[in-house]
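Examining the three-dimensional arrangement
Given next are the chains, with one letter for each unit.
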2 protein chains.
Amino acid sequence: MATIRDVAKLADVSVSTVSLALSNPARVSQKTLEKIRQAIAAVGFVADPLAQSLARGRSRMIGFVVGNVGNPFFGDIRRELENYALDHQHFVVVTDSSGKTDRERALVEHLIGLKTAGLALAPSGYDQDYLDFIAGLNVPVVCFDQKVVGIERDFVGSDNYLAGAMLTEHLLQLGHRRIAVITGPSHMHTATERYRGFADTMANAGVEVSPNFVVDGQFTRTAGYEAAMRLLIQPERPTAILGANNTVALSALQAMQELGFRCPEDISLAMIDNVQWSSVITPRITMVVQDTHALGGIIARRLMHRITNPQGAVEPPQDFVLTPKFVPGNSCRRI
Amino acid sequence: MATIRDVAKLADVSVSTVSLALSNPARVSQKTLEKIRQAIAAVGFVADPLAQSLARGRSRMIGFVVGNVGNPFFGDIRRELENYALDHQHFVVVTDSSGKTDRERALVEHLIGLKTAGLALAPSGYDQDYLDFIAGLNVPVVCFDQKVVGIERDFVGSDNYLAGAMLTEHLLQLGHRRIAVITGPSHMHTATERYRGFADTMANAGVEVSPNFVVDGQFTRTAGYEAAMRLLIQPERPTAILGANNTVALSALQAMQELGFRCPEDISLAMIDNVQWSSVITPRITMVVQDTHALGGIIARRLMHRITNPQGAVEPPQDFVLTPKFVPGNSCRRI
DNA sequence: TGATTAAATCGAACCGGTTCGATTAAGCTA
DNA sequence: TAGCTTAATCGAACCGGTTCGATTTAATCA
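Residues numbered from 1 in each chain as written. Chains lettered and ligands numbered in written order. Predicted model: local features only at pLDDT ≥ 70, side-chain atom pairs only at ≥ 80, totals over all residues. Heavy atoms only, no water.

Another aspect to go through is the protein's contact with DNA strand C. Taken together, 25 residues are adjacent to DNA strand C, and Ile4(A), Arg5(A), Ser19(A), Thr17(B) and Thr32(B) come closest. When atoms of DNA strand C within 4 Å of the protein are sorted by moiety, sugar and phosphate together comprise 59%. Within the side chain of Thr17(B), one N or O atom sits 2.7 Å away from a phosphate oxygen of DNA strand C. When residues in the surface near DNA strand C are grouped by element, the largest group, four residues, is from helix H4 (residues 49–56) of chain A. In terms of residue class, the surface near DNA strand C is made up of 13 nonpolar, nine polar and three charged. (Near = heavy atom within 4 Å. Polar contact = N/O pair within 3.5 Å; in protein donor to acceptor, adjacent residues only side chain to side chain. Helix = DSSP H or I, 4+ residues; strand = E, 2+ residues; numbered from the N terminus. Nonpolar A, V, L, I, M, F, W, Y, C, P; charged D, E, K, R; others polar.)

Structure (structure tokens):
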């Protein structure tokens, strides 16, 4: 592999001139530039990214840290980020924390060690220790998905309150009153907001919600399934279930199927966030989806902005909250 | 950030001794070792991976290159690899080529530039140019999923011929004769093998296959959907459809639903490879799945073996082919 | 106890770039 | 043409480790 010294020797200039020619051609004379160009082509020189990173103290890599790369929500965002980064000579390193805070931390530390230019992070923690950790990161960070109070970083996400409210309103309009909700972890902003959206909408409509109709599904498959089961075995069953995310909603659908309840004839179902192949799931679930394309674009641009304008470190963190979209299916019937 | 020189100064030894103590403690005296240990703890020294990689000419990173990280098949394998690598002080850099050969190439080149210790690669190309490129890679490489003739590397995959044969046999046993197949790209080994398994089994059973019943779905959603449509609008429809991968099979299901065909009452459906949430898709598709857990384990161990035994470069490449598993659903009816 | 050998440690070069103050060349003014 | 500015180029230090031959120290043996 040819090094910058080979180029310098062949072009008969100093190493520093070659380096300068590469990073700031305007400051090198035309004829020297030409000599260097030819030398580079002759020896087939390509700068070693590792050496560059070491010398500069910064690489051209962007860390992408989420809890589940398999989730299409994160997948769409990842794709947006990758494309945008590629257009700006950056390279995305994808990592998966499986939702575990300690793993996420190890990953982030590793990425920092790699001197990544910036981080796109879907936070998985919330306690003071975690906040301190994030605050201590000395690179541009754009958080997304979960808004964590106490994190002073740019944030990109959706209006989760509205998401919960929209679906609840829809069910109310269809005549449902006995509406149950399967929620997520109480420390997750998305979970609490979606629930607030539900609760407020119900309250505004003057419909009381039985405590038995609010169950915690932890946003996981097993907990979601159990939560749904608890709802379904009650003598006074709900007529509709709102799944606060895709996982718990589909777990509920599975539970319904196993218990022999038909959807929507017996029980209606609505969910927040899409899944792959939702179009072939019967019934097609009525849902509210986030604009992953737009979210990804904003994350990418904001992060790259922070990276290329390091002086803008003083620029205060900003929240970008997008409006989610209602996508009707046929899983909710009028009663 | 503390450097190795800080440690050396505090422990009152040379930098090289500290380095030696870290890489080969046995060659350093007990008391020096202890001094160094304390100094490391005192200054909170952590070796800079970038500097190490530059000096060693090799990093502790493993490149993972696939066409779609969101695909649960690749996701499962990724997880296996990550866990195994972590246990061996390595770090997996996940990249997504979107199935594009040129993008894959750029990613691989980038990873090589990062001096990755090894590559786990699901090949997306097949022409001579591509073969040369892969052959020229001067790092341990374990290929998986697609077996590409001409690539002289370790390969880990499933018996795709058997996968195709199993489902075909199953449909034949149920009494189907008019069985159609939606295939994948002819340059993909998985596609041709699965088709061969289908064709041979049909031939062995003495059942002729109408050319109209073999359509190319490119393993993509749009092509799969169109292929399915072509099958379904024929006057002489098949009684069963075999989707050679999950994408084309589910596209077919969607087409069937849209045209008002019931599955399995009107048409049976079987597919190769699982998808997320298949358990809530109605009907539950009968399928053959790969043992992703085992595949991932073998890939991980083989790659790490190559990495830690570089002299074993002479060890000839080996193929590991696992037997897929039949998972009955209720998408195939007896006729 | 001096010679021999092995073990422990060190110094310096190196990996391949970047950066910045110093030096030289070129251009302009009086 | 001397004097001054600006542009172009250079040299050396640096980023933070590793490596290996050289040197010092300790252990072994005659």
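Back to the write-up after that little detour.
Attention now goes to the relation of the copies chain B and chain A. The transformation that overlays chain B on chain A combines an axial shift of 0.0 Å with a rotation of 179 degrees, and the residual RMSD is 0.2 Å. Those values place the two copies in the arrangement expected of a two-fold rotation axis. Closest to the rotation axis within chain B is the C-alpha of Gly70(B), separated from it by 2.0 Å. Of the residues that chain B buries at the interface, 100% are likewise interface residues in chain A, meaning the two copies contact each other through the same surface. (Least-squares fit on C-alpha atoms with pLDDT ≥ 70 in both. Contact = heavy atoms within 4.5 Å.)

What follows is about the protein's contact with DNA strand D. Among the 25 residues in the neighbourhood of DNA strand D, the closest are listed as Thr17(A), Thr32(A), Ile4(B), Arg5(B) and Ser19(B). Near the protein, within 4 Å, the atoms of DNA strand D are sugar or phosphate in 59% of cases. The backbone of Ile4(B) places a nitrogen or oxygen atom 2.7 Å from a phosphate oxygen of DNA strand D. The separation between a base nitrogen of DNA strand D and a polar side-chain atom of Arg5(B) is 2.5 Å.

Further remarks concern the interface of chain B and chain A. Taken together, the contacts link 40 residues of chain B with 41 residues of chain A. Buried area between chain B and chain A, summed over both chains or domains, comes out near 3,700 Å², and the portion from carbon and sulfur atoms is 62%. Three residues stand out in chain B for area buried against chain A, namely Leu50(B), Phe91(B) and Trp277(B), and they jointly supply 21% of the buried area on that side. Our enumeration of links across chain B and chain A arrives at five salt bridges. Counting the contacts that link chain B with chain A gives 15 residue pairs in polar contact (both at pLDDT 80 or more). Contributions of two or more residues to the side of chain B that touches chain A are made by helix H4 (49–56), helix H5 (72–87), strand E2 (91–96), helix H6 (101–113) and helix H11 (246–259) of chain B. Class assignment of the residues belonging to the side of chain B that touches chain A gives a composition of 19 nonpolar, 14 polar and seven charged. (Buried area = accessible area lost by both parts, 1.4 Å probe. Salt bridge = Lys/Arg side-chain N within 4 Å of Asp/Glu carboxyl O.)

Before going further, it helps to examine the state of the cysteines. Two cysteines whose sulfur atoms are joined by a covalent bond form what is called a disulfide. Residue and element names in this part refer to chain A. The final tally for this structure, using the stated rule, is zero disulfides over all chains. Not engaged in a disulfide, the cysteine Cys332 finds its nearest cysteine sulfur in Cys263; these two sulfurs lie 7.2 Å apart. Given the relative accessible area of 14%, Cys332 is considered buried. (Disulfide = S-S within 2.5 Å. Buried < 20%, exposed > 50% of the residue type's maximum accessible area, 1.4 Å probe, protein only.)

Our focus in this paragraph is helix H9 (residues 189–204) of chain A. All names here are of chain A. Across its 16 residues, H9 extends 22 Å between first and last C-alpha, which sits within 8% of the 22 Å expected from 1.5 Å per residue. Along H9, the residues that are buried comprise Thr190, Ala191, Glu193, Arg194, Gly197, Phe198, Thr201 and Met202. Turning to H9, the residues buried within the fold contact helix H8 (160–173), strand E6 (179–183), strand E8 (240–243) and strand E9 (268–272). (Expected span 1.5 Å × (residues − 1).)

The full count for this structure, using the stated rule, is six cavities of 30 Å³ or more. Roughly 80 Å³ of volume is contained in the largest cavity. Around the largest cavity, the lining residues are Glu82(A), Leu86(A), His90(A), Phe91(A), Val92(A), Thr95(B), Asp96(B), Arg103(B) and Leu107(B). Those elements giving two or more residues to the lining of the largest cavity turn out to be helix H5 (72–87) and strand E2 (91–96) of chain A together with E2 and H6 of chain B. Tallied by class, the residues present in the lining of the largest cavity amount to four nonpolar, two polar and three charged. (1 Å grid on protein atoms, 1.4 Å probe; cavity = no way out; pocket = protein on both sides within 12 Å on 5 of 7 lines; lining within 4 Å. Points joined across faces, edges and corners; volume = space filled by probe spheres on them.)

Residue and element names in this part refer to chain A. Most of strand E1 (residues 61–66) is tucked away: six of the six residues are buried. Here E1 pairs with E2 via six bridges, running parallel. Bridged to Gly63 within E2 is Val93. Assessed by its sense of winding, the connection that carries the chain from E1 through H5 to E2 is right-handed. (Pairing = 2+ DSSP bridges. Right-handed = clockwise from strand over helix to strand, strands pointing away.)

In this section: the environment of Leu107(B). Note on placement: Leu107(B) falls in helix H6. Using a relative accessible area of 9% as the deciding quantity, one classes Leu107(B) as buried. C-alpha of Leu107(B) to C-alpha of His187(B): the two residues are 80 residues apart in sequence and 22 Å apart in space. Apart from the residues within four sequence positions on either side, Leu107(B) is in contact with Phe91(A), Thr95(B), Asp96(B) and Ser97(B).

Geometry only, nothing functional implied.
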